[in-house]
Amino acid sequence: MAIVKQFLKVRPTCKVKFTLSADDACGAASVALVGDFNDWNPEATPMRRMKNGNFSAEVELAPEATYKFRYRADDGRWINEAEADGYEFCEFAQADNCMLKL
C-alpha cells in the first residue's frame, strides 16, 4: 500500500496517487477508492488493476484539508491503508476510517 502526494505549483490542488497491493486486496477482482471526497460512492473512483495485480487510482484534492477514505473490494470488504496519515473511528461503520492530511 502506498500514498504519493504531489502538490501542484500552477494551481491550488494536490494530486494523490493511492496504490493497494495485490496481497492486501486478497484476491479481489476490483477495488474502489471511497471517501468523503466522492461521497463514499463505490462507483465514483474505481481503481485500475495493474499488470502486477496491484490496484491504483489518482485523484486531485484541495490542499490544506483532511479527508477520510477507505478501499472497498468487490466482495464487500473494507480495506484500510497502512500508510494513512491517521485513523478516526466511525460510529456508522463501527470501524476506523483512514485519514489523509494535505
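Quick caveat: nothing in here was measured; it's all calculated off a predicted structure.

Chemist: Describe the overall build of the chain, naming the residues involved and giving the relevant values.
Modeler: What the chain contains, in helices and strands, is one helix and nine strands. A globule of 102 residues ought to have a C-alpha radius of gyration of about 13 Å, and the chain, at 13 Å, matches this closely. Projected onto its principal axes, the C-alpha positions of the chain cover 40 × 35 × 25 Å. Within the chain, contacts between residues separated by at least 24 positions form 61% of all contacts whose residues are at least 6 apart in sequence. As presented, the chain carries roughly 6,000 Å² of accessible surface, and 49% of it is formed by carbon and sulfur atoms. Between the centroid of the 13 positive side chains of the chain and the centroid of its 16 negative side chains there is a distance of 7 Å.

Chemist: Describe the pairing of strand β3 (residues 31–35), listing the residues and the values that go with them.
Modeler: The element β3 is extensively covered by neighbouring structure, given that five of its five residues are classed as buried. Burial along β3 is two-sided: V31, L33 and G35 and A32 and V34, pointing in opposite directions, are all buried. Of the pairings in the sheet, the one linking β3 to strand β6 (residues 66–73) comprises five bridges and is antiparallel in character. Within β6, the position partnered with V31 by the bridge is A73.

Chemist: Can you lay out the pattern of salt bridges for me, pointing to particular residues and giving the numbers?
Modeler: Under the counting rule described, the total for this entry stands at four salt bridges. In this structure, the salt-bridge partner of K68 is E88, at a minimum N-O distance of 3.2 Å. Taken together, the positions of K68 in strand β6 and E88 in strand β8 (residues 86–90) put the pair 20 residues apart, joining distant regions of the chain. By relative accessible area, E88 is classed as partly exposed at 35%.

Chemist: Can you break down unusual backbone geometry residue by residue, with the values?
Modeler: Phi is positive for E64, which is not a glycine, with a value near 60°. According to the relative accessible area criterion, E64 is exposed, its value standing at 77%. Even without a glycine there, the phi angle at Q94 is positive, about 55°. Mapped onto the secondary structure, Q94 falls in the loop between β8 and β9 (95–101).

So, how was this worked out
Every chain is numbered independently, its residues counted from 1 as its sequence is written. pLDDT decides what is reported in this predicted model: residues at 70 or higher carry local features, side-chain atom pairs at 80 or more are listed and counted, and totals for whole chains, interfaces and linings draw on all residues regardless. To get the side-chain values, take all heavy atoms of the structure and skip hydrogens and water. Each helix corresponds to a stretch of at least 4 residues labelled H or I by DSSP, and each strand to a stretch of at least 2 residues labelled E; elements are numbered beginning at the N terminus. In this setup the radius of gyration rests on C-alpha atoms only. A globule is expected at 2.2 Å times the number of residues raised to 0.38. The contact rule is simple, with two residues in contact once any of their heavy atoms fall within 4.5 Å. Each accessible area is a Shrake-Rupley estimate made with a 1.4 Å probe; only the visible protein chains count as cover when residues are assessed. Working convention for charge: Lys and Arg count positive, Asp and Glu count negative, and His plus the chain ends are omitted. Charge placement uses NZ in Lys and CZ in Arg. For Asp and Glu, CG and CD serve respectively. Summary of the burial criterion: residues with accessible area below 20% of their type's maximum are buried, those above 50% are exposed, and those between are partly exposed, where the area comes from a 1.4 Å probe applied to protein chains only. When DSSP locates at least two bridges between a pair of strands, those strands are taken to pair. Counted as salt bridges are all cases of a side-chain nitrogen of Lys or Arg within 4 Å of a carboxyl oxygen of Asp or Glu.

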